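Fold and contact review
In case you want the letters, here they are:
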Amino acid sequence: MAITTALTQDCVPYSGGLQRIYIVDKADVTSMTLTAQQYTAITMVATKVFREFEFTEDLAERRETQTRSDSGSISVTAEIEFFIKGLTNTNRTSIAEIAASSTCGMIVIAVDFQGTKWVHGYGEISKRAMKLATGTGVSGKKLDDSIGTTIILNNMTPELARVYTGTVPV
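The paragraphs below set out a description of the structure included in this document. (Residues numbered from 1 in each chain as written. Predicted model: local features only at pLDDT ≥ 70, side-chain atom pairs only at ≥ 80, totals over all residues. Heavy atoms only, no water.)

**Some points on the packing of aromatic side chains**
Enumeration according to the criterion identifies 2 aromatic pairs in this entry. Ring geometry for Tyr39 versus Tyr122: centroids 5.6 Å apart, planes at 75°, classification edge-to-face. A residue pair is termed long-range when its members are at least 10 positions apart, and Tyr39 in strand 3 (residues 38–44) and Tyr122 in the loop between strand 8 (117–120) and strand 9 (131–138) qualify at 83 residues. Both residues of the pair, Tyr39 and Tyr122, belong to the buried class. Ring centres of Phe55 and Phe82 lie 6.5 Å apart, and the angle between their planes is 55°; on these two criteria the pair is classed as tilted. You can see Phe55 sitting in the loop between strand 4 (51–52) and strand 5 (60–68) and its partner Phe82 sitting in strand 6 (residues 74–85), a full 27 residues away along the chain. On the accessibility criterion, Phe82 (0% relative accessible area) is buried. When the ring centre of Trp118 is taken as origin, the NZ or CZ atom of Arg62, which lies over that ring, is 4.2 Å away. Against the face of Tyr122 rests Lys127, its NZ or CZ located 4.5 Å from the ring centre. (Phe/Tyr/Trp six-rings, centres within 6.5 Å; stacked < 30°, edge-to-face > 60°. Helix = DSSP H or I, 4+ residues; strand = E, 2+ residues; numbered from the N terminus. Buried < 20%, exposed > 50% of the residue type's maximum accessible area, 1.4 Å probe, protein only. Lys NZ or Arg CZ within 6 Å of the ring centre and 35° of its normal.)

In structure tokens, the structure reads:
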């Protein structure tokens, strides 16, 4: 493959962080429609929908790290990290569901502050789903310490995340 596209940087401000995270079991998505290297539609199993996971403001991000092996192959490690405030039974149930869904994996749509919806856990080359990497709950030591759980979902795939331009089925 050769470089065929020039890149010109936009002269606009970009804000970091995520504003929304939607998660669904991999088995609940039957297909995604790819048009011009972006997903434009999602076909779901009947009655299944993505669930929005709320998180503490300014404590969520997505990361993609590309690595090139000696053989020339590329791998991308994707991570989505977010903090769920509080140690409650409701939070415990949600975290346990993420852990259980990690057996077969999840598809995650992470929405950044530009409104771009990034699809993780589904691709054209590999359908490797996102899974729970770690879930670390802390009670804090002092009265003003944070209390809650940091969730990190990850996967390794040969391709970067793609943009989704449609409406998230919720």
